[in-house]
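The lines below spell out each chain.
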Amino acid sequence: MYAQEIKNPDFFIVHYTDENGLPQNSIKAIVKDRWNFLWIGTEDGLVRFDGQKFYTYNKSVIPILSNRISGFIPFIKTYNTQNKEFAAIGERGEMIKIVAGGHVVIDSSTFKFNTPNMPFVKNFKGKTDIIQSFPYRFPLPADRNPFLIPAGNNTYYVWSLDRVEFFIKSKKQSSVAGNFKEVFLIDSHPYATLQNGRFVNLEAGISPENINLEGDIAHDVSFSKKRSNYKLFWNNISQRTYVYFNKKFYSLTRLKNSTVLQTRLLLKDFDFDEFNITTVYCDKEPGYLFLGSHTNGLFVLRHKNFETKEIEFQGGDNVFYAQKPVSFDGILSSQGFLFEKIPKGRDIFNLPAFAKDNSRYYMAMNRDSSFWIGNSDLVAKMDNVGKKRLLIHKLPEKFKALYVDGRDTLWIGGLRDVLFSLNTLNQKSVPKVLFRGPFGEITCMLRLPGTYLLLGTTKGLFKFNIRSKHLESIKGIEQANIRSLYYSKGETWITTYGDGLFYLKNTKITKLPLDKNLFLATSHCIVEDKNGFFWITTNKGLFQVSKMDLLNFLNKKQQFVYYLYYDKRHGFATNEFNGGCQPCGLTLGDGTVSFPSMDGFVWFNPKKIKPELPDEKIYIDRIELEGNIILEKAEIEIPDDFRQLKIAVVTPYYNNRNNLRIDYSFQKAGEKSVWLPISNDFDIQIPNTSSAHHDLLIRKYNGFEKNNFSFKTIKIYIRPAWYETQTFLFLATLILIVLFWVILRLRTTYLLNKERKKNLYKQYHISRQIVAAINHDIQTPLHYISNSFTEIQNRLKKNNSSDFFITKMSEETINTINYARSHTSNLLNYIKSQNSGSRDSLKIDEVSVYEIVEHSSQILSGTANYREIQIINRVPEDFKVKTDVQLLSVIIQNILDNAVKLSMSTITISSISGSEFQEIVIVDTAGGIPDEILKWLNHTYKSYDNWLRDYDYPNHKGLGLVIVKDLTILLGIKLSAEKTESGSLIRLTFSNEKRY
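Residues numbered from 1 in each chain as written. Predicted model: local features only at pLDDT ≥ 70, side-chain atom pairs only at ≥ 80, totals over all residues. Heavy atoms only, no water.

**Q** Honestly, the overall build of the protein in this entry has me stumped. Any pointers?
**A** Helix and strand counts for the protein come out as 10 helices and 70 strands. Across the 996 residues that make up the protein, the buried fraction comes to 51%. Long-range pairs, those at least 24 residues apart, make up 55% of the contacts in the protein with a sequence separation of at least 6. Carbon and sulfur atoms provide 51% of the accessible area of the protein, an area that totals close to 49600 Å². (Helix = DSSP H or I, 4+ residues; strand = E, 2+ residues; numbered from the N terminus. Buried < 20%, exposed > 50% of the residue type's maximum accessible area, 1.4 Å probe, protein only. Contact = heavy atoms within 4.5 Å. Areas by Shrake-Rupley, 256 points an atom, 1.4 Å probe, with all protein chains shown as cover.)

Here's what the structure looks like:
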């Protein structure tokens, strides 16, 4: 926002019109609210000014009938001496109440003036008007309504045409008669002016008491207690009173002495009549004046708390560099100008003939205040005020830098890789080369405690041991152009040209943070005041920073450092300070700090500078969704398809906006904050993002000290789209799971079928070879051997050749061979069942279980007799089940085979018949099946395919039990086993339901 500047010796003045922020140039009234916002009544709306920008409330923003604002009045319901709440008055009678955060509300209830707590004017049947500020825009009519003057806390004054009455609530307390020109309050106490302009006190409650003006106004040569041509300015909200007299503006202060009003000069050399000033508002701290013109807009005046010292001479400039203190409150510049408390400097000596432009950069002062100055290859010693040359030396080569340390040694820095020294106490001493090294041009020097000298150069910082002549380059600041060195309590602070600020302790260098605009990158010199602040000059203004904040940053106790920025509005003639000189900044005996600049020396006393910090609260100004205003709530709910959400932030601050540092972070609730700087317009643009609960965090730096922030949080809920709802996500997840399962099942089936097809021929071929091998290579020889032994027995019987041993061995051999043949047959049947691939190839018939048991018992009789095991068949001859006879034979024979091998005495086979099932029960005396095998035998499978995929054999198993388990699952027979006292019990259960 561009604003026109007006020259004034005491104030920095900015002029605002409709060309740079105001909606219109006619200012009717000005007042500040208790939240520090400035409110301006204009012909085109109510204007809020936060110090940075204007915002206008008019018909396009609020529901009012006219944009014309006539003034402000106290808000009767809540107005008291502490909060002083107020409302703006619209042309059509609308009351626009000012509320927290720079907002307004329309309150029609303010129309009802005659409330029970308000005065009722006896014998007056019209209405009373609430008084506005003086001067009134128009002369008061002779038949006007009475004015109600709220004093706060249910106290009122009523100004009628001929008297002023005092009320507490609606009860009259006193009355003062008189034909008054103006009636006003100072701190809730009543005063008036008479028609002749004299001031009177109305507080006595009987008759007016004359008031005299004292103080600054008495110093005006035109002032006379008998004269009364003052122009009164009174603010009806703040209850502050001012007078304009002889082009000077004074404040009036109430004293204990009721007959006196104290005046203080606030402004001079500003013509109120020329600029048509009709309304004012003044801040005591930090010294702002807001002047409203009837035709020329708004003037904002800020009191200058810095002073620029210049000198007037023909053909010269006011560009200053090195300086030295003179007496208690003066300085001498390197050009020979003396500056004291008087506004202008004066020339008190002429430079030596050899001194040219380069002589302005360095002045090395001795203890007796005499000093050294030089140029090119000549250096001269001058008396304390530079009027007399005491010594002059010619050096073997050119130099620039001069510095006298605390031990009276003059150090002379060469232009190229050379350092000279001179003992200033010895009049016969001459400068000598002390050291040559690769440090380039020396720009500044600093003697440390002990034997070290710091050399600031255009190639970095060096630490030089005076005694050993050892030169050490400080790492971390190489090639930096050093501007100045400041030493305090073992710590060295360094400014550079382009690389910012550094901190040195011992030989460790640390870079310090910069301001947000990086002005401190080009810093010149540092002066520390007694309040613990550093003052740092740059090419673009002056900075104040807390030394403790910097130390806390270095010790990692705080993450941020706040720099307070000062510019021309504080009293500089230019924002460009000068450096590259020594001494640069000085503190005089009276506490005044002096800095050189491109336009004079800048002087100020840090004790008198009250930092103007941005420490007011931060508020949400507006929330716009797609250009429409929405109300601020605990949580803002917005649709998922929004395109633009803009949040405008506001905080009152009337100083340079560079001191306002506001960051924001926008993230889902609970996530870590990532801070971003707010825009120059203090707007936050929220992009379209995923639906969820979000937090918008806003923080403002309030000034110095650790973690000194103001925070504001807005919760934003972005509604989910239909495809992001819980119902949709549940259904989508369910569908995906089902789809995944179907795809997985199809894929698995496909892969199994593919694998089966791939191995089918090979498997079938191998199975056929195994069957053929068993039939040809095992069954046929066994059959031949069995027949051979049978023929031998028959021949022996035929020839009556009986040999018990041969007969017995032949029978056992035949039984063994038959047993082997039976098992081989069973194995063949099992292999054939596996090759069939499905139950469709099984031969299901009514099967006699008794015959299968008898056949298996006969086959196993040889082994049973040998082990003296009795096989008892208790299965009825008519007991039948539906199954494959060959495979059931395999199952029963394998079970009996295991029982014969392990039993101790008997094996009993029985059956059970029910309406829904049939069972074959085999009980042995084998000592019991191991638990692991028992668990495996009793495990059930949904189908034969599940068995083939998921079978898990136990550690102790034989092929017989595996065949039994496999065939029972294939035939749909339920297999169960359990332990008994003497052995094991195995059940084969057949369901009578149709299975195949």
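**Q** Explanation requested: the packing of aromatic side chains in the structure shown.
**A** The description of an aromatic ring pair rests on the distance of the ring centres and on the angle between the ring planes. Here the structure, examined in full by the defined rule, presents 61 aromatic pairs. Aromatic pair Trp535 and Phe604: ring centres 4.7 Å apart, planes at 55°, arrangement tilted. Highlighted residues: Trp535 in strand β49 (residues 533-538) and Phe604 in strand β54 (residues 600-604), separated in sequence by 69 residues. Summarising the burial analysis for this pair, Trp535 and Phe604 share the class buried. Following the ring pairs from residue to residue traces out a cluster consisting of Phe233, Tyr242, Tyr244, Phe249, Phe270, Phe272, Phe275 and Phe299. The ring of Trp603 has Lys309 lying over it, and the distance from NZ or CZ to the ring centre is 4.9 Å. (Phe/Tyr/Trp six-rings, centres within 6.5 Å; stacked < 30°, edge-to-face > 60°. Lys NZ or Arg CZ within 6 Å of the ring centre and 35° of its normal.)

**Q** Sorry, what's going on with the state of the cysteines here?
**A** Note on terminology: disulfide describes a covalent bond linking the sulfur atoms of two cysteines. Taken as a whole, this structure holds one disulfide when the rule is applied. One disulfide bridge connects Cys525 with Cys584, the sulfur atoms lying 2.4 Å from each other. Judged by the sign of its S-S torsion, about -50°, the cystine formed by Cys525 and Cys584 is left-handed. One end of the pair, Cys525, is in strand β48 (residues 523-528); the other, Cys584, is in the loop between β51 (563-566) and β52 (586-587), with 59 residues separating them in the sequence. We note that Cys525, like Cys584, is buried. Here Cys581 stays unpaired: no disulfide links it, and the sulfur of Cys584, its closest cysteine neighbor, is 4.1 Å away. The class for Cys581 is buried, based on a relative accessible area of 2%. (Disulfide = S-S within 2.5 Å.)

**Q** I would appreciate a short explanation of helix α2 (residues 547-554) in the present structure.
**A** Given 3.6 residues per turn, any residue in an α-helix points the same way as the ones three and four places further on. Most of α2 sits out of view: six of its eight residues are buried. Inspection of α2 places Lys547, Asp549, Leu550, Leu551, Asn552 and Leu554 among the buried residues, and these make up the whole buried set. The N-cap residue of α2 is Ser546: its side-chain oxygen and the backbone nitrogen of Met548 are 3.3 Å apart. Remark: Lys556 follows α2 within two positions and exhibits a positive phi of approximately 60°. (Polar contact = N/O pair within 3.5 Å; in protein donor to acceptor, adjacent residues only side chain to side chain.)

**Q** Teacher, can you tell me more about the sheet that holds β52 here?
**A** Strand pairs in the sheet, formed through backbone hydrogen bonds, run parallel or antiparallel to each other. The strand order across the open sheet built from four strands is β27-β54-β53-β52, with neighbouring strands paired in antiparallel fashion. Of all the strands in the sheet, the pair left with one neighbour each is β27 (307-309) and β52. Summarising the sheet, β27 and β54 pair through three bridges and their orientation is antiparallel. Bridge pairing in β54 places Lys309 opposite Phe601. (Pairing = 2+ DSSP bridges.)

**Q** Looking at this structure, how should I read the nonpolar core?
**A** Soluble globular proteins: nonpolar side chains tend toward being buried together. Residues Leu419, Leu455 and Leu696 are the most contacted members of the largest nonpolar core, which totals 99 residues. With residues up to four places along the chain from it excluded, the contact list for Leu455 reads Leu419, Phe439, Ile442, Cys444, Met445, Gly460, Leu461, Phe462, Phe464 and Leu471. Core analysis: the second largest hydrophobic core is formed by 46 residues, Leu961, Val964, Leu970 and Leu971 among them. (Core = buried A, V, L, I, M, F, W, Y, C linked by side-chain atoms within 4.5 Å.)

**Q** Can you help me understand the side chain of Gln558 in this one?
**A** Along the polypeptide, Gln558 turns up in the loop between α2 and β51. Residue classification places Gln558 among the buried residues on the basis of a relative accessible area of 6%. Polar side-chain contacts of Gln558 include one of 3.3 Å to the side chain of Asn552. For Gln558, the side chain forms a polar contact with the main-chain oxygen of Phe560, separated by 2.6 Å.

**Q** So what exactly am I meant to see when it comes to the sheet that holds strand β7 (residues 69-74) here?
**A** Spatially, four strands are ordered β7-β8-β9-β10 in an open sheet, and the strand pairing comes out antiparallel. Both edges of this open sheet fall to β7 and β10 (103-106), since each of them pairs with a single strand only. Adjacent strand axes in the sheet meet at a mean angle of 30° when their direction is disregarded. The pairing of β7 with strand β8 (residues 86-90) spans five bridges and is antiparallel. Within β8, the position partnered with Pro74 by the bridge is Phe86. (Axes fitted to C-alpha atoms, helices over the stretch in contact; angles between N-to-C directions.)

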